[in-house]
Each structure stands twice: as C-alpha cells, then as structure tokens.
Amino acid sequence: VVPRGWRRSDPPNFGEASNQQLVALIGSKSDKTRLYAQQELLTRSDSHNALAGLKRLVLNTSAPLEARVAALFTIGQIETDPAALLAFTSDNVLREFALRIAADRLPRLANHEVPLKPFVSALQNGSPRQQAAAAVALGRLGKPEAAAELLRVAYERPEREAELVATPIATVKN
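### Some words on the nonpolar core
Next up, step 1: In this structure, Ile26, Leu54, Leu72 and Phe119 are the most contacted members of the largest nonpolar core, which totals 43 residues.
Next up, step 2: Contributing elements (two or more residues each) for this core: α1 (19–26), α2 (31–43), α3 (51–59), α4 (65–78), α5 (95–102), α7 (117–125) and α8 (128–141).
Next up, step 3: Take this core: its biggest share by element is six residues, from α4.
Next up, step 4: Residues contacting Ile26, with those up to four places away along its chain left out, are Arg34, Ala37, Gln38, Leu41, Leu54, Leu57, Ala67, Ala70, Ala71 and Thr74.

### Focus on the packing of α4 against α5
Next up, step 1: Close contact between α4 and α5 brings their axes to 10 Å; oriented N to C, the two are set at 20°. The orientation of α4 with respect to α5, classified from their angle, is roughly parallel. Between α4 and α5 lies a crossing of right-handed hand. Where α4 approaches α5, its residues Val69, Leu72, Phe73 and Gly76 are matched on the opposing element by Phe97, Ala98, Arg100 and Ile101.
Next up, step 2: Tallied by class, residues from the contact of α4 with α5 come to six nonpolar, one polar and one charged.

Calculation notes
- The residue numbering used here restarts from 1 in each chain and proceeds along that chain's sequence as written.
- With pLDDT at 70 or above as the cut-off, local features in this predicted model cover only qualifying residues; side-chain atom pairs require 80 or more to be listed or tallied, and sums for whole chains, interfaces and linings still use all residues.
- For the side-chain quantities, the full set of heavy atoms in the structure was used; hydrogens and water were omitted.
- Nine residue types can take part in a nonpolar core, namely buried Ala, Val, Leu, Ile, Met, Phe, Trp, Tyr and Cys, and a core is a set of them joined through side-chain atoms within 4.5 Å.
- Throughout, exposure labels follow a simple rule: accessible area from a 1.4 Å probe, protein chains only, divided by the maximum for the residue type, with under 20% read as buried, over 50% as exposed, and the rest as partly exposed.
- In DSSP terms, a helix is any run of H or I states spanning at least four residues, a strand is any run of E spanning at least two, and both are numbered starting from the N terminus.
- Residue contacts are counted whenever heavy atoms from the two residues lie within 4.5 Å of one another.
- Each axis is a line fitted through C-alpha atoms, and for a helix only the stretch in contact is used; angles between axes span 0 to 180 degrees, taken between their N-to-C directions.
- Angular relationships are summarised with four words: roughly parallel below 35 degrees, roughly antiparallel beyond 145, roughly perpendicular across 65 to 115, and oblique for the angles in between.
- Left-handed describes a crossing in which the near helix is turned anticlockwise from the far one by less than a right angle; the clockwise case is right-handed.
- In the scheme used here, Gly and all other residues not listed as nonpolar or charged are polar, with Ala, Val, Leu, Ile, Met, Phe, Trp, Tyr, Cys and Pro taken as nonpolar and Asp, Glu, Lys and Arg as charged.

What follows is the structure, encoded as structure tokens:
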C-alpha cells in the first residue's frame, strides 16, 4: 500500500557524488540518504574539503534539525580539534549536540585543550537535555576542576524521561 500519486525515485549514486553533492544529501529529509551520504563522505581522504559546506548546512536555520545535526556530527568526525565544535553552542537549538560531539572522541580530547566554560554554562542555565549533555561531557573531559561544577548542579530528570521510567514498556506510546 502506497499513498496516491507516490512515485518511487532511484537512490543517488553516493560513490560518484562530489563532496558538495554529498553535503547536499546530508541535508536530505531522508534519514537513510543522510546516513549513506555521511558515510561516503567520511571514507574520502579529502573529506576536510567539505567542512565549509557542512558548516553552512549546520548554520542554515531553515534546514531540518535532523539535517543540521547530521552535518554537525559529520564535522565532529572530520574536525580534529574538539574545541572548534564549541562554536556551535551559541545556537541554542544545537547546543546539546555541539556539547556532545565536542567530547565524543577521547583520543582527541587527550591531544587538545578544551575549555570548560561552554559546558559549565550549559550546566548552569541550559535545558535539562543540555545539562545532561554537559554533565556527561565534563566527565569525559576528565578535568578535576569540572567536578566542583558538577556538584553545584542539582539533576532534575526531564519530564518525558520520568514518565517513561514510571510507565511499563508495553504501554508507552508516542
């Protein structure tokens, strides 16, 4: 069963697409297209040449959030300096994801100085999801001075999470 008027379209040839075309495909509404485009781009030795296009996609507020986040996580896998990803914390919609990806790669954290300020700021005045991402990231950074900041913040479970924990799995509905 398919909707009336629906026409199947052939998938793109990811292997033959240019880096610029792959960035455009990361902006797709299709999660599978985004994933395959990201995977193809990351296998290329010249993927760093796509950083400017990926950054434009991340900053494009009219693009779907899923596409912006996919582009951000692609940048996080290409960019070698985690601190460079913290520039995206100024966008409140992307803040949680930028904090998460900045602390994602432990070997990179060992080789770069990552400032605590964006994480501490999210702990103090972020949404519950931003606070959780900041707390996890601060733990991954492994800096003793971060412990004091973590202890100052009372953790509050996000409403939806609290509801899910208290509800049997069989009854959870979206």
